[in-house]
Amino acid sequence: MIVVPEKEIAGLLTRADAFDAVEKVFASMSKGSAYNFPVIREAIGYEDALYGFKGGFDNTGMALGLKAGGYWPNNLEKHGEINHQSTVFLFDPDTGKVKAMVGGNLLTALRTAAASSVSIKHLARKDAKVMGMVGAGHQATFQLRAALEQREFEKVIGWNYHPEMLPNIEKVADEAGVPFEAVELDGLVEADVVISITSTFAPTIMANHIAPGTHIACMGTDTKGKQEVEAALLAQTTVFTDEVAQSISIGEAQHAIAAGLIQQSDVNELGAVINGTHPGRTSDDEITLFDGTGVGLQDLAVASSIVDLAVEKGIATIVEF
Ligand code: NAD
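Thresholds applied
- Residues numbered from 1 in each chain as written.
- Predicted model: local features only at pLDDT ≥ 70, side-chain atom pairs only at ≥ 80, totals over all residues.
- Heavy atoms only, no water.
- Domains from an automatic or database assignment.
- Contact = heavy atoms within 4.5 Å.
- Buried area = accessible area lost by both parts, 1.4 Å probe.
- Salt bridge = Lys/Arg side-chain N within 4 Å of Asp/Glu carboxyl O.
- Polar contact = N/O pair within 3.5 Å; in protein donor to acceptor, adjacent residues only side chain to side chain.
- Helix = DSSP H or I, 4+ residues; strand = E, 2+ residues; numbered from the N terminus.
- Pairing = 2+ DSSP bridges.
- Axes fitted to C-alpha atoms, helices over the stretch in contact; angles between N-to-C directions.
- Parallel < 35°, antiparallel > 145°, perpendicular 65-115°, else oblique.
- Left-handed = near helix turned anticlockwise from the far one by under 90°.
- Nonpolar A, V, L, I, M, F, W, Y, C, P; charged D, E, K, R; others polar.
- Buried < 20%, exposed > 50% of the residue type's maximum accessible area, 1.4 Å probe, protein only.
- Near = heavy atom within 4 Å.
- Areas by Shrake-Rupley, 256 points an atom, 1.4 Å probe, with all protein chains shown as cover.
- Core = buried A, V, L, I, M, F, W, Y, C linked by side-chain atoms within 4.5 Å.

1. Some points on the domain arrangement of the protein
Working step 1: By domain assignment, the protein separates into domain 1 (2-108 + 297-318) and domain 2 (122-294).
Working step 2: On a C-alpha basis, the centroid separation for the pair domain 1 and domain 2 is 24 Å.
Working step 3: The interface of domain 1 with domain 2 comprises 14 residues on the first partner and 19 residues on the second.
Working step 4: Between domain 1 and domain 2, roughly 1,300 Å² of surface is buried when both sides are summed, and carbon and sulfur atoms account for 51% of that area.
Working step 5: Looking only at domain 1, the three residues that lose the most surface to domain 2 are Arg15, Phe26 and Ser30, adding up to 40% of its buried area.
Working step 6: Taken together, domain 1 and domain 2 are joined by one salt bridge.
Working step 7: Arginine 15 is the partner of glutamate 149 in a salt bridge, and the nearest nitrogen-oxygen pair spans 2.7 Å.
Working step 8: At the junction of domain 1 and domain 2, the tally comes to seven residue pairs in polar contact (both at pLDDT 80 or more).
Working step 9: Among the secondary structure elements, those contributing two or more residues to the side of domain 1 that touches domain 2 are α2 (15-31) and α4 (105-123).
Working step 10: Of the residues forming the side of domain 1 that touches domain 2, the biggest block, eight residues, is contributed by α2.

Have a look at this one:
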């Protein structure tokens, strides 16, 4: 078994590697050659922890396995460890033997940032200049850094429910050499691309905050009940997602579906755009929305790339098993 510990991931995986892995696996999912298994997520009744598994099989990329992990709210305070903890296990699709164990914490941040970046590449207007951020937590910094590589952005604008956190994303914009400005929610109309990555259960982005032609990547809603965008706005957009089943049940589209504003058939796979079987954006006035719910196959695809890189660079630890 190949072991790649958490501390090695940062030095191994570039944003470009994560982007390629995620773009390929979305394409495989849409072709039907990769599928996600049902997600398990349980409150285990100990340490207030939420624990679960996300798995799948990609018959093109030959990735089989699962990500195991979850959220331990007391970790930082009690143990000095981060609250989100996960590990990816890969198995040999030919034999079922365990193949690799890979640290999953940074991997999760990079694969989620890659997903919104893939959506920007395929759905945002080519002339997008203003990048809008809603959210300034841990994940937002990764999202913004990756997004800035997709277009020639000239400005970043940002809003956050906790304004004292905005310096987190301002720092990322500074490092990328793009000016940053804090705005009110209605200031988002200036943005050509908006990424939302918050943990809110009440929508903050309303239809009057978004201009025609914008691409919105909604990345925070990954659970029943969470919501970042008002259902009436989502219903005005062309909706794309990583996986339709998740989008309509635990993603941003769950609310517009429940309100009867859209139907399942209105939710399109981003993979179809990548494969060229869906035209994607068809006009400069269209609002496109990517409902990024986060699928296990993203983790497996990125973990496979990490294992290949670790072997190539001679830093993989091999354990007899
Ligand atoms: P974090 O705790 O570091 O940041 C939370 C963010 O949400 C902050 O910007 C905070 O100000 C904002 N927020 C909190 N309460 C709010 C409210 N009531 N209204 C508006 N904003 C509020 O968390 P994170 O690691 O950055 O993750 C953010 C979200 O992304 C979480 O919901 C997480 O589950 C989700 N997530 C999704 C994926 C995916 O694949 N789609 C992957 C990782 C994380």
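Now that the structure has been shown, we can carry on.
2. Focus: the pairing of strand β6 (residues 84-91)
Working step 1: Taken together, the eight bridges between strand β5 (residues 63-71) and β6 define a ladder with antiparallel strand orientation. Pairing of glycine 69 across the sheet is with serine 86, part of β6.
Working step 2: Inspection of the sheet shows β6 paired to strand β7 (residues 98-103) by five bridges, in the antiparallel sense. Note that in β7 the partner of valine 88 across the bridge is valine 102.
Working step 3: Counting the residues between successive antiparallel strands, the hairpin from β6 to β7 contains six residues, one of them, glycine 96, with a positive phi of roughly 80°.

3. A short note on the sheet that holds strand β12 (residues 215-218)
Working step 1: Taking strand neighbours across the sheet as the criterion, the eight strands line up as β10-β9-β8-β11-β12-β15-β13-β14 in an open arrangement whose pairing is parallel. Bordering the open sheet on either side are β10 (180-182) and β14 (267-269), each of which pairs with just one other strand. Going from strand to strand, the sheet's axes swing by 25° on average, the running direction of each strand aside.
Working step 2: The sheet contact formed by strand β13 (residues 238-241) and strand β15 (residues 288-291) spans four bridges and is parallel. Considered in β15, the bridge of threonine 238 is made with threonine 288.
Working step 3: On the sheet, helix α5 (residues 138-147) packs against β8 (130-134), β9 (155-159) and β11 (193-196) and is oriented at approximately 170° with respect to β8.

4. Concerning the packing of α4 against α5
Working step 1: Two elements in contact, α4 and α5, have axes whose closest approach is 8 Å; the angle formed by their N-to-C orientations is 45°. If you check the angle between α4 and α5, you find them oblique. In the crossing of α4 with α5, the sense of the turn from one axis to the other is right-handed. Only His138, Gln139, Phe142, Gln143, Ala146 and Ala147 of α5 make contact with α4, whose side of the interface consists of Leu106, Thr108, Ala109, Leu110, Thr112, Ala113, Ser116, Ser117 and Ile120.
Working step 2: Among the residues forming the contact of α4 with α5, the class breakdown is eight nonpolar, seven polar and no charged.

5. Re the side chain of glutamate 23
Working step 1: As for its placement among the helices and strands, glutamate 23 is situated in helix α2.
Working step 2: Glutamate 23 sits in the buried class, given a relative accessible area of 13%.
Working step 3: Those residues in contact with glutamate 23 that sit more than four places away from it in its chain are Val118, Lys121, His122 and Ile274.

6. Observations concerning the site of the ligand
Working step 1: Residues in contact with the ligand amount to 22 residues; listed here are only the nearest, Arg111, His138, Asn160, His162 and Lys226.
Working step 2: A distance of 2.8 Å separates a nitrogen atom of the ligand from a polar atom in the backbone of glycine 292.
Working step 3: Compared with its free state, where it exposes 860 Å², the ligand has 81% of that area covered by protein.
Working step 4: Elements supplying a minimum of two residues to the shell around the ligand: α4 and α5.
Working step 5: Residues that form the shell around the ligand fall into these classes: five nonpolar, 14 polar and three charged.

7. Concerning the nonpolar core
Working step 1: In this structure, Phe26, Val102 and Met131 are the most contacted members of the largest nonpolar core, which totals 61 residues.
Working step 2: Inspection of this core shows a minimum of three residues originating in each of domain 1 (2-108 + 297-318) and domain 2 (122-294).

8. Some words on the pattern of salt bridges
Working step 1: This model, assessed by the stated rule, comprises 12 salt bridges.
Working step 2: When the shortest N-O distance is used, the salt bridge between lysine 67 and aspartate 299 registers 3.0 Å. Of this pair, lysine 67 sits in strand β5 while aspartate 299 sits in helix α11 (residues 296-312); the two residues are 232 residues apart in sequence, bridging distant segments of the chain.
Working step 3: Judged by relative accessible area, aspartate 299 falls into the buried class, the value being 0%.
Working step 4: A salt bridge links aspartate 127 to arginine 125, with the nearest nitrogen and oxygen atoms 2.9 Å apart.
Working step 5: Residue classification places aspartate 127 among the partly exposed positions, given a relative accessible area of 42%.
Working step 6: Judged by its relative accessible area of 12%, arginine 125 is buried.
Working step 7: Taken together, the salt bridges that share partners define one network made up of Lys67, Arg111 and Asp299.

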